[in-house]
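# Chains, contacts and geometry: an overview
Chain by chain, the residues:
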Amino acid sequence: MLTISLISLLIAVPLFSYRITPDLFNRITSLSLAFAGYLSGFFHVTNLSQGIEVFLLVVGSIILISWANFSINTSRYGSETPTISEYSLLIIFTTIGGSLLISSSDIVSMFLSIELQSFAVYVLATLYRNSESATAAGLKYFLLGGLSSSLILLGTALIYSNTGLTHFDSIYNLLSVEDIDSGVFRGVQLGIVLIGVGFLFKVAAAPFHNWAPDVYDGTVLGLSQYKIKRLLTYSTISHVGFLLLALSMNTQESVESFIFYLVQYTITNVNVFIVLLALGYIISNTPYDIEFIEQLKSQFGQNPFLSVSFAVCLFSIAGIPPLIGFFAKQIVLYSSMNENNASFIGYYFLSITAILVSVISAFYYLKIVQAMYFEKSTSFSEIRSSDGERSTIELSESTLYKATSVSNLHSVAIATLTIVIVLFIFQPIILLNSCHLLALSLFYY
Amino acid sequence: MLDILSLGAILSGILVITSKSPVISVLFLISVFVNVAGYLVLLGVGFIGISYIVVYVGAVTVLFLFVIMMINIELSELNAGGSEYTQNVPLAFIMGSVLFYEFFTVISSQFSMISSGYSISTYFKQIVQGTITYLNVAFFGQSTMNISNVNMVFNPSAVDVIFNPSTGLQVHSIGSMLYTHSAMWLIIASVILLLAIIAPITLSKKLVLVNLPNCKSDCQLKRIFP
């Protein structure tokens, strides 16, 4: 279904783009993604892979809603580029690659799906050609993604040369009857280590995380904590750490907690970014891309509901009850210390480290909340005085950015996600039962 | 034939480094690739040889030519002569001698016919002879250590038909599997190529303001090709 929509969009975009605006394309694509999540299946389809694929496609459709949905007015464009019709096409490519990767049960299909998904995201990262930081970020992401893909390929080549098989089930069967000390086992172990390193590179897990803040933020400068997107990148890195902690124990509770944490983290992260986008549209005298925390000052007075949603999402990331983020962290840490399972002792040191780290990182999220609620706003042109090159541009362009409104669909998406985060505690059984069943299907079918 | 191809590859490789203009270097690089591809085809791995031509000559050298075209290379600063040339000769001598040392010690210990008491030139001749006859014995199934039995024409040799004896050549067997059993991989690879076509177009379209016939004051800013 996704391929059909891809081909039809491919034909429609160049031929009809003077009639159909790009935001319409985005909405059509988000609809087709939502429907494809309802009925689809590739490769080796299990309950687990289909459940996660549904979630992936629905999230893709939510992401598409919040971009490029203002009426196009030529007087608005200073140095910012307008919307691009092929954005939805690239999102479809990424989603196809992602859902193929989830259902792949062979080494070659895993590699092909990773490449498909990564290539589309490389292009997305460098889409704004006029911004030098965006092109630098895209190039850096492409080079590091290529490196990690070649590491994965080296690992798969090692596995194939040691076993002669590429299917996951066959490799599992072979390894379950092999001796631990044999050369086959050691070769496959090295291959799996290399594949693991390549994947960790791709998800920006520490210690392979150095590329992520530059790419997310779009610059190659050093660390600077007053940029919002950089802060969100570091929060992503710490979330990935939690996910890896949940994944490294092979118990049924830990897999359930992994799925639940993944769902919760995706919802919260998507909500943070689309609230940031909405704030960029609404606040006057700023470009559509909010970079600094200072631009968000005194938003509670101007846009109360948006700033409340933003604060809710940030509190959920920090792990404050009764929001959903707290329960996700709790279930991960509980499954890591659970001693009821006969073959599992408890990861005490890791859990204590995770708790301490999440307490420390809560400070950085609360800094944004403090700026939004307790500080008076300064005019935008005073901020960039230290960065000489930008300040002259900003003064002349500050009159060009008129505030535009957030579309209805965008605000519905923000409201729905925020309500899911807040009201999870009243009806947790929907999400928890789904995660439990998916994890059970993996262990006892 | 193998000798001619390997000689051509080595000669072209030397000429890549020593030619004056970068475009001539790229042309000799093409000749290196074609010679090595022919060598591989004669050796029996037909698929790898053909893919050398498609990938290396068709994509990598075209990329090199585009880069050379786009950057302004002053030919005068490339031609090193006099002292600039001779100062690199000791380094080249060192690197070459390291390579030959490795040939004579590491690789020669794997051939049992090299015995002690020979000089450097006989070592070298014996190594070359030993390599070729070893390959002949291993791949072409000949039991005599005779250097004149190198294939002069292209016959599908043992290693070429080893994967699928009924259908013959390596290319044939790979193709018959790729289009039937693993057709899904082919389709995904084609989607990746589709993305590779779309991505440069998306990244390099120019922004042009177009006066559409229907627009009054709200003319749509549209991206079209320049």
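Residues numbered from 1 in each chain as written. Chains lettered and ligands numbered in written order. Predicted model: local features only at pLDDT ≥ 70, side-chain atom pairs only at ≥ 80, totals over all residues. Heavy atoms only, no water.

To continue, consider the overall build of chain A. Regarding its fold elements, chain A presents 18 helices and zero strands. Relative to its full complement of 445 residues, chain A shows a buried share of 50%. If you take every contact in chain A between residues at least 6 apart in sequence, the share linking residues at least 24 apart comes to 74%. (Helix = DSSP H or I, 4+ residues; strand = E, 2+ residues; numbered from the N terminus. Buried < 20%, exposed > 50% of the residue type's maximum accessible area, 1.4 Å probe, protein only. Contact = heavy atoms within 4.5 Å.)

Across its full length, chain B holds nine helices and two strands. Its helices and strands in sequence order give chain B the pattern α-α-α-α-α-α-α-α-α-β-β, from N to C terminus. The long-range fraction of contacts in chain B, counting pairs at least 24 apart against all pairs at least 6 apart in sequence, stands at 39%. Put simply, chain B shows about 15100 Å² of open surface, and 71% of that area lies on carbon and sulfur atoms. (Areas by Shrake-Rupley, 256 points an atom, 1.4 Å probe, with all protein chains shown as cover.)

Now for unusual backbone geometry. Cis geometry is found at the peptide bond from A:Pro321 to A:Pro322, where omega equals 0 degrees. When you line up the elements, A:Pro322 lands in the loop between helix 13 (304-318) and helix 14 (324-336).

Our next topic: the UniProt feature "transmembrane region" (unreviewed entry) in chain B. Following the UniProt record, one finds the feature "transmembrane region" (unreviewed entry) at residues 29-48, 53-73, 85-104 and 183-203 of chain B. Annotation note: span residues 29-48 of chain B, helix share 90%, strand share 0%, distance between end C-alpha atoms 18 Å. (UniProt positions renumbered as here; feature names shortened; annotations may be inferred.)

Moving on, we get to the packing of helix 11 (residues 252-282) of chain A against helix 13 of chain A. All names here are of chain A. Their axes nearest at 9 Å, the elements helix 11 and helix 13 cross at an angle of 150 degrees. It follows from the interaxial angle that helix 11 and helix 13 lie roughly antiparallel. In terms of crossing hand, the pair formed by helix 11 and helix 13 is left-handed. Residues Gln264, Thr268, Asn271, Val272, Val275, Leu276, Ala278, Leu279 and Ile282 of helix 11 touch helix 13, and the partners they reach there are Leu306, Ser309, Phe310, Cys313, Ser316 and Ile317. (Axes fitted to C-alpha atoms, helices over the stretch in contact; angles between N-to-C directions. Parallel < 35°, antiparallel > 145°, perpendicular 65-115°, else oblique. Left-handed = near helix turned anticlockwise from the far one by under 90°.)

To continue, consider the nonpolar core. By size, the foremost hydrophobic cluster in this structure holds 58 residues, and its most contacted members are A:Ile228, A:Leu296, A:Phe310 and A:Ile368. Sequence-distant contacts of A:Ile228, that is, excluding residues within four places in its chain, are made with A:Leu276, A:Ile290, A:Glu291, A:Phe292, A:Ile293, A:Leu296 and A:Ile368. (Core = buried A, V, L, I, M, F, W, Y, C linked by side-chain atoms within 4.5 Å.)

The subject of this paragraph is the packing of aromatic side chains. All names here are of chain A. Applying the stated criterion across every chain yields a total of nine aromatic pairs over all chains. Ring geometry for Tyr122 versus Tyr141: centroids 5.2 Å apart, planes at 90 degrees, classification edge-to-face. Taken together, the positions of Tyr122 in helix 5 (residues 107-125) and Tyr141 in helix 6 (residues 132-163) put the pair 19 residues apart, joining distant regions of the chain. Looking at Tyr122, the relative accessible area reads 5%, which means it is buried. The exposure class of Tyr141 is buried, given its relative accessible area of 16%. Here the aromatic rings of Phe327 and Phe424 are separated by 5.8 Å at their centres, their planes lie at 55 degrees, and the arrangement is tilted. Of this pair, Phe327 sits in helix 14 while Phe424 sits in the loop between helix 17 (408-422) and helix 18 (429-443), and the two are 97 residues apart along the sequence. (Phe/Tyr/Trp six-rings, centres within 6.5 Å; stacked < 30°, edge-to-face > 60°.)

This next bit is on the domain arrangement of chain A. All names here are of chain A. Each domain of chain A was delimited in the assignment, giving domain 1 (1-69 + 82-127), domain 2 (128-216) and domain 3 (222-378 + 404-444). Centre-to-centre, using C-alpha coordinates, domain 2 lies 27 Å away from domain 3. At the interface, 10 residues of domain 2 touch eight residues of domain 3. When domain 2 packs against domain 3, close to 770 Å² is buried across both sides, 72% of that on carbon and sulfur atoms. On inspection of domain 2 and its partner domain 3, the count reaches zero salt bridges. There are zero residue pairs in polar contact (both at pLDDT 80 or more) connecting domain 2 and domain 3. In terms of residues, the side of domain 2 that touches domain 3 owes the most to one element, helix 9 (residues 211-217), which gives four residues. In the side of domain 2 that touches domain 3, the residues fall into eight nonpolar, one polar and one charged. (Domains from an automatic or database assignment. Buried area = accessible area lost by both parts, 1.4 Å probe. Salt bridge = Lys/Arg side-chain N within 4 Å of Asp/Glu carboxyl O. Polar contact = N/O pair within 3.5 Å; in protein donor to acceptor, adjacent residues only side chain to side chain. Nonpolar A, V, L, I, M, F, W, Y, C, P; charged D, E, K, R; others polar.)

Right, let's get into the side chain of A:Asp106. By the secondary structure assignment, A:Asp106 is in the loop between helix 4 (87-102) and helix 5. There is no salt bridge for the buried A:Asp106, and the closest opposite charge comes from A:Lys202, which lies 18 Å off by N-O distance. Leaving out residues up to four positions away in the same chain, A:Asp106 has contacts with A:Thr166, A:His167, A:Phe168 and B:Trp185. (Lys, Arg positive; Asp, Glu negative; His and termini not counted.)

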